[in-house]
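As a plain string of letters, each chain reads:
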Amino acid sequence: MGVALSLFGFASIWPYYPATGAGFAFIGLLVALDDVIEHMTPYSTPLDLVWKKVIYPIILRIEE
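Cut-off values and rules
- Residues numbered from 1 in each chain as written.
- Predicted model: local features only at pLDDT ≥ 70, side-chain atom pairs only at ≥ 80, totals over all residues.
- Heavy atoms only, no water.
- Helix = DSSP H or I, 4+ residues; strand = E, 2+ residues; numbered from the N terminus.
- Contact = heavy atoms within 4.5 Å.
- Areas by Shrake-Rupley, 256 points an atom, 1.4 Å probe, with all protein chains shown as cover.
- 1 Å grid on protein atoms, 1.4 Å probe; cavity = no way out; pocket = protein on both sides within 12 Å on 5 of 7 lines; lining within 4 Å.
- Points joined across faces, edges and corners; volume = space filled by probe spheres on them.
- Nonpolar A, V, L, I, M, F, W, Y, C, P; charged D, E, K, R; others polar.
- Phe/Tyr/Trp six-rings, centres within 6.5 Å; stacked < 30°, edge-to-face > 60°.
- Buried < 20%, exposed > 50% of the residue type's maximum accessible area, 1.4 Å probe, protein only.
- Expected span 1.5 Å × (residues − 1).

## Observations concerning the overall build of the chain
And then number 1: Tallying secondary structure elements over the chain gives three helices and zero strands in all.
And then number 2: Helices and strands in the chain line up, N terminus first, as α-α-α.
And then number 3: Across its three principal axes, the chain shows a C-alpha extent of roughly 40 × 30 × 15 Å.
And then number 4: The contacts of the chain with a sequence gap of at least 6 include a subset with a gap of at least 24, amounting to 18%.
And then number 5: Summed over its atoms, the accessible surface of the chain is roughly 5200 Å², and 74% of this surface lies on carbon and sulfur atoms.

As structure tokens, then:
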């Protein structure tokens, strides 16, 4: 997802809105780096903690 977001920001947004495209590309690279660290080490990453503590409980409440 991170690489896709980065490529989308660079290829689609950057030519028209350089600052926004650069932001999308940077955030996409941070998400990709977070994913690499998560899969290579046994440590929880910040995005993993947000998923476990915030997003997943909300999804469980919606499904009930």
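Alright, that's what it looks like, and here's the rest.
## Thoughts on the layout of surface pockets
And then number 1: Approximately 180 Å³ is the volume found for the largest pocket.
And then number 2: Together, Met1, Gly2, Val3, Val31, Ala32, Asp34, Asp35, Glu38, Leu47 and Asp48 line the largest pocket.
And then number 3: For the lining of the largest pocket, a count of residues per class yields five nonpolar, one polar and four charged.

## Observations regarding the packing of aromatic side chains
And then number 1: A full pass over the atoms with the stated rule returns three aromatic pairs.
And then number 2: Seen in terms of ring centroids, phenylalanine 10 and tryptophan 14 are 5.2 Å apart; in terms of plane orientation they differ by 75°. Their pairing is edge-to-face.
And then number 3: Here tryptophan 51 and tyrosine 56 contribute two aromatic rings whose centre-to-centre distance is 6.0 Å and whose plane-to-plane angle is 40°, an arrangement assigned as tilted.
And then number 4: Owing to a relative accessible area of 40%, tryptophan 51 belongs among the partly exposed residues under this scheme.
And then number 5: Tyrosine 56 sits in the partly exposed class, given a relative accessible area of 40%.

## As for helix H2 (residues 18–40)
And then number 1: Between its first and last C-alpha, H2 extends 33 Å over 23 residues, near the 33 Å set by a 1.5 Å rise per residue.
And then number 2: Of all the residues in H2, the buried ones are Gly21, Ala25, Gly28, Ala32 and Asp34.
And then number 3: Each element contacted by the buried residues of H2 is listed here: helix H1 (2–13) and helix H3 (46–63).

None of the figures reported here should be taken as evidence of function without further support.
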